[in-house]
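# Residue-level structure breakdown
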Amino acid sequence: MPKAFSVTVNGAQVGVTEDMTALAAILLSGTTTLRRSVSGAARGALCGMGVCFECRVTINGERHCRSCQIRCGQAMDIRTDE
Amino acid sequence: MNNSRRSFDVLVVGAGPAGIAGACCAAEAGVRVGVVDNNLRAGGQIWRGETRDSHLAEAASWLRRLASSPAEILTPMEVFAQPETGRLTATSSDGLCELSYKKLILCTGARERFLPFPGWTLPNVMGAGGLQAVVKSGMDITGKKVVIAGSGPLLLAVAAHLRAHGADVRTIAEQAPWSRLIRFGMAVASHGRKISQALQLKKQLSRIAFRAGCWVTAAEGNGKVESVTLRTESKTWKEACNYLACGFHLVPNTELASLLGCELRAGFVRTDNFQESSVSGIYCAGEPTGIGGLELSIAEGQIAGFAAAGQRERAQEYFGERKSQRRFSMALERAFMLRDELRPLPSAETIVCRCEDVKFGRLKEQSSWRAAKLQTRCGMGPCQGRICGPAVEFLFGWKAESARPPIFPVAVESLAATGCVE
C-alpha cells in the first residue's frame, strides 16, 4: 500500500498518498485555477504530461513547478494562483 | 548545484514502450545502457501508473523485464541540450547530469494535438490523454460529468478508463465522419489483436453516446468549464459537463531529434531499416517516426535496441512485425484527418498561444511563423511552441522552425554550466 500523509494546498490540509502528484492533490482540494496567464486569466492543467506548463504552481516556496510532474511529499506546501 | 556524469554505450531517451523495448534489447545484448525519462517512472504515457504487478499483462511484463535488465533507469530527468556530439545534458532534482553515449536511441513519444476554440483555455478543459493522466496520478473523477472530444482512437481508451474510475461520460465526439471510421475498421480487420481490443472497448463503452462527425465549437463557464457546444453537420447543441477532455490525435515529439540534426520528413524523423536516423549512431523508434501506436513502437524499439548494440541479425527478426504494424499506422493517418470545419472555430479574441496569450486576431495579421514569433511572441513561452505550434500549422500552414537549445526551460545556472551561454 502506498504511504498516506497530508499536504497543504493554499493552507488547507489534503489527505494524499505518496503515489499521487501535486496536481492531483490540488484538484482533490477543489482548486481549479492553478495560475494566472500573462493577461490575468485563470488557467488549469491541460496536457497532464509536463509539456504545456499550464500547471505551474509554487511548491515549498519554489515557483514555476510543473505540478503534474512532481509527486506529493510529506507536509508539502503547495500554493496556486500566485 | 550538484553535477554528475554518466557514460553509456547506448543511451535511450524516453522510457515509454519503444524506449523500454530498446533499452531491454540493448542491455540484454551485453552493452552498457542508460534510459532517461522526464516522467516520474518508466512506462510512458500509455503505461503511466502501471507497475510490475499491473493487471495489464503486457505493461507488467515489459516493466519487469526492464527492471531485471542491467539497464540503468534515470527518472525523472529531462534532457535539454547537446553541448557536443556524444554528450547530452539533463536536469534532475539532484541537479545537472551529463550523459555521454556512443549510440543514442530517441524514443521521445508523442503529445496530443490541441486546437483552439472559444473557451478552450478555461480551467477543466484538458486534453483527453491529459485528463486520463491526471486521473492516473490520483485525481478523483467519481460522478463527474465528462465530455470527451477531438479525434483518434485515444478518445475511446480514455472514455473506458474514466468510466472505470466512476466518471459519468456523457458523449464521445469524434470529428472524423463515420465513412472514414468504417474504412478504418475494415483496414484493421486483418489485425486480430486490434479487433479484440476494439471489441473489449465496445463492451466497456456500452450506453455512452459515441458520435462521429461531431466536434466542439465552444466551451462555456464561469471560472471553469460548465458546458460545451457540440456540432454535427446537421445540428448544434449544448451539453453540461464538469470536464471537457479534448485532444485531436497525436503529434510527434521531434524537438530533440531536430536539435541533434536528424532529418525530418513530413514532420517525422526519417529512419532506415534499422531505425537509424540520418545522423550516424542516432536511432529513433516509436511515435516520432510515425504515429502508429503501441505494437509498432515496441517492434521499432526492439529493432533499434539490437541494432544499436551491434546485433543487426536479431534486429531483423522484428522487420515483419513492423511492416504489418505500419499498415495500421497508415490507416490511422487516413481515418483521423482533421476536417476543415475546425479551422474557423477560433474568434479574433480566442487565445492561440497559451503561454503568451496571443489571440487569433493578431496571428491572422502575420505572414509566417517567424513573423508571428517576432511580432506577437507566439510560441516563445515556456512550452516553446509545443502546444500552439501544431495548432498554428493546422490553422495557417506555418511550419515551426528547427529546435534550439535548451529544448526545455532550465535555470540559468544549468545553462551556464553546459556552456550553452557565455
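Description of the structure in this document. This structure is a prediction, so every number in the text was calculated from the model and none was measured.

### Some remarks on the overall build of chain B
A count of helical and extended segments in chain B gives 14 helices and 21 strands. Taking 22 Å as the expected radius of gyration for a compact globule of 422 residues, we find that chain B reaches 21 Å, a close match to that expectation. Expressed along its principal axes, the backbone C-alpha trace of chain B runs to roughly 60 × 50 × 35 Å. Within chain B, buried positions represent 51% of all 422 residues. Across chain B, the fraction of contacts at a sequence separation of at least 24, relative to all contacts at a separation of at least 6, is 66%.

### What to know about the nonpolar core
Counting 86 residues, the largest nonpolar core has Ala25 of chain A together with Val134, Ile148, Val216, Leu244, Ala245 and Val352 of chain B as the members making the most contacts within it. Of all hydrophobic cores here, the second largest spans 72 residues; its members include Ala23, Trp62, Phe306 and Phe336 of chain B.

### Quick look at the interface of chain A and chain B
On the chain B side, the residues contacting the 31 residues of chain A number 31 residues. The element best represented in the side of chain A that touches chain B is helix H1 (residues 22-28) of chain A, accounting for four residues.

### So, unusual backbone geometry
Cis geometry marks the peptide bond from Thr75 of chain B to Pro76 of chain B, where omega comes out at -20 degrees. Secondary-structure assignment places Pro76 of chain B in the loop between strand S3 (72-74) and strand S4 (77-84). A cis geometry characterises the amide bond from Pro405 of chain B onward to Pro406 of chain B, with omega recorded as -5 degrees. Note on placement: Pro406 of chain B falls in the loop between helix H13 (388-396) and helix H14 (412-418). We note that His64 of chain A has phi near 60 degrees; this positive angle belongs to a residue other than glycine. A tally of 14 C-beta atoms within 10 Å means that His64 of chain A is categorised as partly exposed.

### So, the packing of helix H1 (residues 17-28) of chain B against helix H8 (residues 293-308) of chain B
Residues and elements named next belong to chain B. Two elements in contact, H1 and H8, have axes separated by 7 Å at closest approach and are oriented at 30 degrees. It follows that H1 is roughly parallel to H8 by the angle criterion. Our pair here, H1 against H8, has a crossing hand that is right-handed. From H1, Pro17, Ala18, Gly19, Ile20, Ala21, Gly22, Ala23, Cys24, Cys25 and Ala26 reach across to H8, where they touch Leu294, Ser297, Ile298, Glu300, Gly301, Gln302, Ala304, Gly305, Phe306 and Ala308. Across the contact of H1 with H8, the residue classes break down as 13 nonpolar, six polar and one charged.

### Remarks on the sheet that holds strand S12 (residues 215-220) of chain B
Residue and element names in this part refer to chain B. Taken together, three strands build an open sheet; the order of strands is S12-S13-S14 and the sheet is antiparallel. Single-partner strands in this sheet number two, and they are S12 and strand S14 (236-240). Between one strand axis and the next, the sheet turns by 25 degrees as a mean value, whatever way the strands run. Summarising the sheet, S12 and strand S13 (residues 227-231) pair through five bridges and their orientation is antiparallel. When the sheet's bridge partners are listed, Val216 is paired in S13 with Leu230.

### Quick look at the pairing of strand S2 (residues 12-17) of chain A
Both strand S1 (residues 4-9) of chain A and S2 of chain A contribute to a ladder of six bridges, which runs antiparallel. Residue pairing for S2 of chain A: Thr8 of chain A is matched across the bridge by Gln13 of chain A.

### Observations concerning the sheet that holds strand S9 (residues 145-151) of chain B
Residue and element names in this part refer to chain B. The strand order S8-S15-S9-S10-S11 describes an open sheet built from five strands, whose pairing is parallel. Of all strands in the sheet, those with a lone pairing partner are strand S8 (125-126) and strand S11 (209-212), marking the two edges. Two strands pair when backbone bridges link them, and S9 and strand S15 (residues 243-248) are joined in this way by six bridges, in the parallel orientation. Paired with Ile148 across the strands is Ala245, a residue of S15. In this fold helix H3 (residues 128-136) packs onto S8, S9 and S15, with an angle of close to 125 degrees to the strand it touches most, S15.

Cut-off values and rules
- Residues numbered from 1 in each chain as written.
- Chains lettered and ligands numbered in written order.
- Predicted model: local features only at pLDDT ≥ 70, side-chain atom pairs only at ≥ 80, totals over all residues.
- Helix = DSSP H or I, 4+ residues; strand = E, 2+ residues; numbered from the N terminus.
- Rg over C-alpha atoms; globule rule 2.2 N^0.38 Å.
- Buried ≥ 20, exposed ≤ 12 C-beta atoms within 10 Å, placed from the backbone.
- Contact = placed C-beta atoms within 7 Å.
- Core = buried A, V, L, I, M, F, W, Y, C linked by C-beta atoms within 7 Å.
- Axes fitted to C-alpha atoms, helices over the stretch in contact; angles between N-to-C directions.
- Parallel < 35°, antiparallel > 145°, perpendicular 65-115°, else oblique.
- Left-handed = near helix turned anticlockwise from the far one by under 90°.
- Nonpolar A, V, L, I, M, F, W, Y, C, P; charged D, E, K, R; others polar.
- Pairing = 2+ DSSP bridges.

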